[in-house]
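Observations on the three-dimensional arrangement
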Amino acid sequence: MSRIVLEIVLSKGKWSYHPSPRRVRRKLEQVFENSLLAVTFDDPDDSAIEAEVGIEGHEDACEGICDTIFRAFLEWKPEYESMIEVGIAFMDGPSDDPFEYGFHDGDNNFDRIERLWR
């Protein structure tokens, strides 16, 4: 198992079910149950919600996890699908890949992700 950190941005605009931090957390808990490790909300600039989500899962399932999150928030019927953005910020765990994702020099900034040689 690996730890996968995803970035979720829900844009301001017309939603049938308006996103809030409490609602987002509850939706993620419903979808991922015991696999959900953490949800951290950032101060949104031009967005309704910006969050980093930690999930326990397999590295090869990252795209499926992103799709699952996208579909979960699509149920809230945004005016445009592009109002939902989900991306992989970080993966950590066992891997046979000699180029493993990780932080450079212990940097905890999710904006900078590099592939490091082991």
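These remarks concern the structure in this document.

What counts, and where the lines are drawn
- Residues numbered from 1 in each chain as written.
- Predicted model: local features only at pLDDT ≥ 70, side-chain atom pairs only at ≥ 80, totals over all residues.
- Heavy atoms only, no water.
- Helix = DSSP H or I, 4+ residues; strand = E, 2+ residues; numbered from the N terminus.
- Buried < 20%, exposed > 50% of the residue type's maximum accessible area, 1.4 Å probe, protein only.
- Contact = heavy atoms within 4.5 Å.
- Patch = residues over 30% accessible without salt bridge, like charges linked within 9 Å, V, L, I, M, F, W, Y side chains within 5 Å.
- Areas by Shrake-Rupley, 256 points an atom, 1.4 Å probe, with all protein chains shown as cover.
- Salt bridge = Lys/Arg side-chain N within 4 Å of Asp/Glu carboxyl O.
- Lys, Arg positive; Asp, Glu negative; His and termini not counted.
- Charge placed at Lys NZ, Arg CZ, Asp CG, Glu CD.

A few words on the overall build of the protein chain. Of regular secondary structure, the protein chain possesses two helices and six strands. When the helices and strands of the protein chain are placed in sequence order, the string is β-α-β-β-α-β-β-β. Buried positions account for 35% of the 118 residues belonging to the protein chain. Residue pairs in contact within the protein chain that sit at least 24 positions apart in sequence constitute 61% of those at least 6 positions apart.

Glancing now at a negative patch on the surface. Taken together, Glu7, Asp42, Asp43, Asp45 and Asp46 make up a surface patch of like negative charges. Residue position: Asp45 is located in the loop between β2 (36–42) and β3 (47–57). Classification of Asp45 by relative accessible area gives exposed; the value is 64%.

Using the criterion set out here, one finds one salt bridge in the structure. For Lys27, the salt bridge is made with Glu75, and the minimal N-O distance between the two is 2.8 Å. Of this pair, Lys27 sits in helix α1 (residues 21–32) while Glu75 sits in the loop between α2 (62–74) and β4 (84–92), and the two are 48 residues apart along the sequence. Overall, the relative accessible area of 12% leaves Lys27 in the buried class.

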